[in-house]
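For reference, the chains in residue letters:
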Amino acid sequence: MNKAKQKHNSKEPSDLQGILRYVSIFNGQKFLIGIDYKCIRKGNFAMITREINLLVSLNIRVMLYFFNDESSVLSLVDIDDELFNQFKSSTLVLSTLTIDDNIQTSTHINDLMAKISGLLEEPSVILLLPKYAPIEFYKSTILHSLLSYQTPNKCIFLGRNECPIVNGERFSNISVNDLNAFISDRRVNDFPEWFLPYASLAVNIIKFGVDRVHIINLNVHNAILSELFDKVGIGVMIHANRYEILRDAVESDVNSLYHLTKNSVKKDTLLNRPIDLIRNSISQYRIYEIDGSIVACICMNYFTKDNAVEIGSVFVQPYYNRRGIGSKLVNYACEEALKDGYKMAFILTVNATKFFIEKCGFSTAKFLDLPSERQISYKNNQRQSYVLSKNLEA
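Anyway, here's the lowdown on the structure attached to this text. This is a predicted model, so every value here is computed, not measured.

About the cut-offs
- Residues numbered from 1 in each chain as written.
- Predicted model: local features only at pLDDT ≥ 70, side-chain atom pairs only at ≥ 80, totals over all residues.
- Heavy atoms only, no water.
- Helix = DSSP H or I, 4+ residues; strand = E, 2+ residues; numbered from the N terminus.
- Buried < 20%, exposed > 50% of the residue type's maximum accessible area, 1.4 Å probe, protein only.
- Areas by Shrake-Rupley, 256 points an atom, 1.4 Å probe, with all protein chains shown as cover.
- Axes fitted to C-alpha atoms, helices over the stretch in contact; angles between N-to-C directions.
- Parallel < 35°, antiparallel > 145°, perpendicular 65-115°, else oblique.
- Left-handed = near helix turned anticlockwise from the far one by under 90°.
- Contact = heavy atoms within 4.5 Å.
- Nonpolar A, V, L, I, M, F, W, Y, C, P; charged D, E, K, R; others polar.
- Arc of directions from axis to C-beta.
- Polar contact = N/O pair within 3.5 Å; in protein donor to acceptor, adjacent residues only side chain to side chain.
- Phe/Tyr/Trp six-rings, centres within 6.5 Å; stacked < 30°, edge-to-face > 60°.
- Salt bridge = Lys/Arg side-chain N within 4 Å of Asp/Glu carboxyl O.

1. Side note on the overall build of the protein chain
In terms of regular secondary structure, the protein chain is built from 14 helices and 19 strands. Residues classed as buried in the protein chain amount to 49% of the 394 residues present. As displayed, the protein chain has an accessible area near 19,800 Å², and 49% of this comes from carbon and sulfur atoms.

2. A word on the packing of helix H12 (residues 325–339) against helix H13 (residues 353–360)
Close contact between H12 and H13 brings their axes to 10 Å; oriented N to C, the two are set at 70 degrees. What the angle tells us is that H12 and H13 run roughly perpendicular. Here the hand of the crossing between H12 and H13 comes out right-handed. Listed contacts from H13 to Gly-326, Ser-327, Val-330 and Asn-331 of H12 are Phe-355, Phe-356, Lys-359 and Cys-360. Partitioning the contact of H12 with H13 into residue classes produces 4 nonpolar, 3 polar and 1 charged.

3. Quick look at helix H7 (residues 176–184)
Buried residues of H7: Val-176, Leu-179 and Phe-182, and no others. End-on, the buried residues of H7 take up no more than an arc of 115 degrees, which puts them together on one face. Turned more than 90 degrees from where H7 packs its buried face, Asn-177 and Ser-184 sit exposed. Here the buried face of H7 lies against strand E10 (173–175), helix H8 (195–206) and strand E12 (236–239).

4. Here's the deal with the side chain of Ser-90
Among the secondary structure elements, Ser-90 is positioned in the loop between helix H4 (81–89) and strand E4 (94–99). One polar contact links the side chain of Ser-90 to the main-chain amide nitrogen of Leu-92, over a distance of 3.3 Å.

5. Here we look at the environment of Phe-346
Tracing the backbone through its elements, the reader meets Phe-346 in strand E17 (residues 344–349). Counting along the chain gives 44 residues from Phe-346 to Lys-390, while the straight-line C-alpha distance between them is 6.3 Å. If we skip the residues at most four places from it in the chain, Phe-346 touches Phe-303, Ala-308, Val-309, Glu-310, Ile-311, Phe-362, Leu-370, Pro-371, Arg-374, Leu-388 and Ser-389.

6. Quick look at the packing of aromatic side chains
Inspection of the entire model under this criterion finds 20 aromatic pairs. Judged by centre distance (5.5 Å) and plane angle (85 degrees), the ring pair of Phe-157 and Tyr-198 falls under edge-to-face. Pair noted here: Phe-157 is in strand E7 (residues 154–159) and Tyr-198 is in helix H8, with a separation of 41 residues, a long-range link. For Phe-157, a relative accessible area of 2% translates into the label buried. The interplanar angle of 45 degrees and the centroid separation of 5.7 Å between the aromatic rings of Phe-303 and Phe-346 together place this pair among those described as tilted. Taken as a pair, Phe-303 in strand E15 (residues 293–303) and Phe-346 in strand E17 lie far apart in primary sequence, 43 residues in all. Given the relative accessible area of 1%, Phe-346 is considered buried.

7. Re the pattern of salt bridges
Using the criterion set out here, one finds 10 salt bridges in the structure. The salt bridge involving Lys-38 is made with Asp-69; its shortest N-O contact spans 3.4 Å. Linking Lys-38 in the loop between strand E1 (30–36) and helix H3 (42–57) with Asp-69 in the loop between strand E2 (61–68) and strand E3 (75–77), this pair joins segments that are 31 residues apart in sequence. Notably, a salt bridge pairs Arg-247 with Asp-253, separated by 2.9 Å at the nearest N-O pair. Judged by its relative accessible area of 22%, Arg-247 is partly exposed. Because the salt bridges share partners, they merge into one network encompassing Asp-36, Lys-38, Asp-69 and Arg-160.

See the structure below:
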């Protein structure tokens, strides 16, 4: 593994709070994990079983199966004796259930679901195997029943494909509605060919109430853990709920905002705002939240006499750079200010001029273009910031 990947997959002490939060969230959940049969090898088999064991130790119920994606048709498949014996000799506490997809009676389906329910009462691993021929995901009544009666919180595909790059950026997460829009607008050429069968299946899976579908390259070290316990992840996550939220800040966000920005204050890239100042001006902050954690913020300071608004404290956690989050926040602030009747937005920045001009549509301006009240504080802080402005009515 190269150094870049090692750095990406390593966990810093600052990540531990987030990891523990996920441990609490995942407690008692059900994960349906599929492994690409063609990709399993002795080396990654041992790594995967260790990761699945860790999930079980965290009180997670795991339903496991193997799949094949030949001819763009994803199917549940059987495994050979050698791999099955590897499972039996591993440290996994494993229960095996064979599925006869030729029997579609309600009695047979109910009996199968009852067996699965019984096994899932405790943290466990259930290996699902077809009794005879491979079972196509799209056509199987039994698999539809599994998603309906034992709706997993997550469906995970462990395959051999890297996270796609779309328009120069990692396609790491997308809502099912946005994914549907991509497909319906026939923008399929934006994606690699291998991704489309998975995307279509993910859309159908989420209809059954599954929260999230993950598509992960199993050849990456600690692939499952790096995807599930890191907000950035290494694969693709398709989600049903509001995973990313842009909202107004509230009183309970004060400490998070202070700690979010304090490192940049030390580096002099952001103006110092003591925690009491943040608390007193909390209504001026807008935040960007990913999976319940604040990852970016801005602060809006209104100058009513001048019909102008200052957009300050623009900060995005380094992990989330190059994902358009900063420009989303700035554009949101401009739209909000225009709705409230303001005609001009301005930004003071030390070293982000290029970003605000190229990504957010601002232009260079002069000190005298600032509201008179802001000119005074500009002189007092002596940071020699560049002045940028934007006509909101243009």
